[in-house]
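Single-letter residue listing:
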Amino acid sequence: MTTPTYSAPAPAPTPERVSPVTRVATWLVALIAGAVIGAVGTVAHVNLLVLGPVVIPAGLILGLVASLALMLGIRLVFIDRSVVFAAALGLVGVIAIFTQEGPGGAVLISNSVISLVWTLGPVLIATLVLAWPRLRRITPVTPPAHEGDPVRA
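Residues numbered from 1 in each chain as written. Predicted model: local features only at pLDDT ≥ 70, side-chain atom pairs only at ≥ 80, totals over all residues. Heavy atoms only, no water.

Asks: Just give me the short version of the overall build of the protein chain, but keep the residues and values in it.
Replies: Scanning the protein chain from terminus to terminus reveals four helices and two strands. Across the 153 residues that make up the protein chain, the buried fraction comes to 22%. When contacts within the protein chain are restricted to residue pairs at least 6 apart in sequence, long-range pairs at least 24 apart make up 71% of them. Just so you have it, the protein chain exposes about 10600 Å², and 73% of that area is on carbon and sulfur atoms. (Helix = DSSP H or I, 4+ residues; strand = E, 2+ residues; numbered from the N terminus. Buried < 20%, exposed > 50% of the residue type's maximum accessible area, 1.4 Å probe, protein only. Contact = heavy atoms within 4.5 Å. Areas by Shrake-Rupley, 256 points an atom, 1.4 Å probe, with all protein chains shown as cover.)

Asks: Describe the nonpolar core, and please don't skip the residues or the numbers.
Replies: Of all hydrophobic cores here, the largest spans 18 residues; its most connected members are Ala30, Met71, Ile74 and Trp118. Where this core is concerned, the elements lending two or more residues are helix 2 (58-77), helix 3 (82-98) and helix 4 (113-131). Take this core: its biggest share by element is seven residues, from helix 3. Dropping the residues within four chain positions of it, Trp118 is found in contact with Ile37, Gly38, Gly41, Thr42, His45, Leu60, Gly63, Leu64, Ser67, Ile95 and Ile109. (Core = buried A, V, L, I, M, F, W, Y, C linked by side-chain atoms within 4.5 Å.)

Asks: Can you break down the environment of Arg75 residue by residue, with the values?
Replies: If you trace the backbone, Arg75 turns up in helix 2. Here the alpha-carbon distance between Arg75 and Val129, two residues 54 residues apart in the chain, equals 7.1 Å. Those residues within four positions of Arg75 in sequence are excluded, and the remaining contacts are Arg81, Val84, Val129, Trp132, Pro133 and Arg134. A polar contact of 3.5 Å, which involves the side chain of Arg75, links it to the backbone oxygen of Val129. (Polar contact = N/O pair within 3.5 Å; in protein donor to acceptor, adjacent residues only side chain to side chain.)

Asks: Go over the side chain of Thr42, please, and point to the residues and values.
Replies: Mapped onto the elements of the fold, Thr42 is located in helix 1 (residues 20-44). Classification of Thr42 by relative accessible area gives buried; the value is 1%. Here Gly38 takes part through its backbone oxygen, which lies 2.6 Å from a polar atom of the side chain of Thr42. Ignoring any residue separated from it by four or fewer positions in sequence, one finds Thr42 in contact with Ile95, Phe98, Leu108, Ile109 and Trp118.

Asks: Tell me about helix 4, residues and numbers included.
Replies: Helix length check: helix 4, at 19 residues, gives a terminal C-alpha distance of 26 Å against a target of 27 Å (1.5 Å per residue), a fit within 8%. At Leu120, helix 4 is deflected by roughly 25°, the largest bend along its length, and proline Pro122 occurs up to four residues later in sequence. All of the buried residues along helix 4 are Ser115, Trp118, Gly121, Pro122, Ile125, Ala126 and Val129. Those residues of helix 4 hidden inside the fold are in contact with helix 1, helix 2 and helix 3. (Expected span 1.5 Å × (residues − 1). Bend = angle between axes of the 7 residues up to and from the residue.)

Pasting the structure below:
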C-alpha cells in the first residue's frame, strides 16, 4: 500500500514578498474601484423607493452596502491595510469633489439628511474596516504524521 505524497503549501504572500509594481498596480485598481463606487453612489444616493406610505432611501442603502462590500472584501483578501486605504481615498475623494458646486451651479450632494448620511457613512465604514484587527492569522498547515513516513525536519 502506498501513501499519498504531500507537498507543502506555498507560503502565504506578505507585503514584503509582493513586488513594488504589483503593489502600486493593486493600489491603483483599489483607488479606481473606490472612485467608481463613490461616483455611482453620489449620483444614486437620492433615489427613493416609494411603497404606499413608506419611503425607502434605496439609493443611499445600496450605496452604503456597496461601499461596505468593497472595503470589507478588500480587507478580507489583502493582508496589507494600505489597499483598503487606497479604496477609501478614492471613494471619499470623489464624494468630496462632488460636494462642490459644478460650473453650471448644479450640486449633486444637497443639504439634506440623506446627503449628510451619504457624505459621512463611507468615512465611518472606511474607519471601521481599517481599524478592525485581523482575527485569523494565516499559518501553514502541517500534514498529519502517518506510520511509515520518513522523519520530517
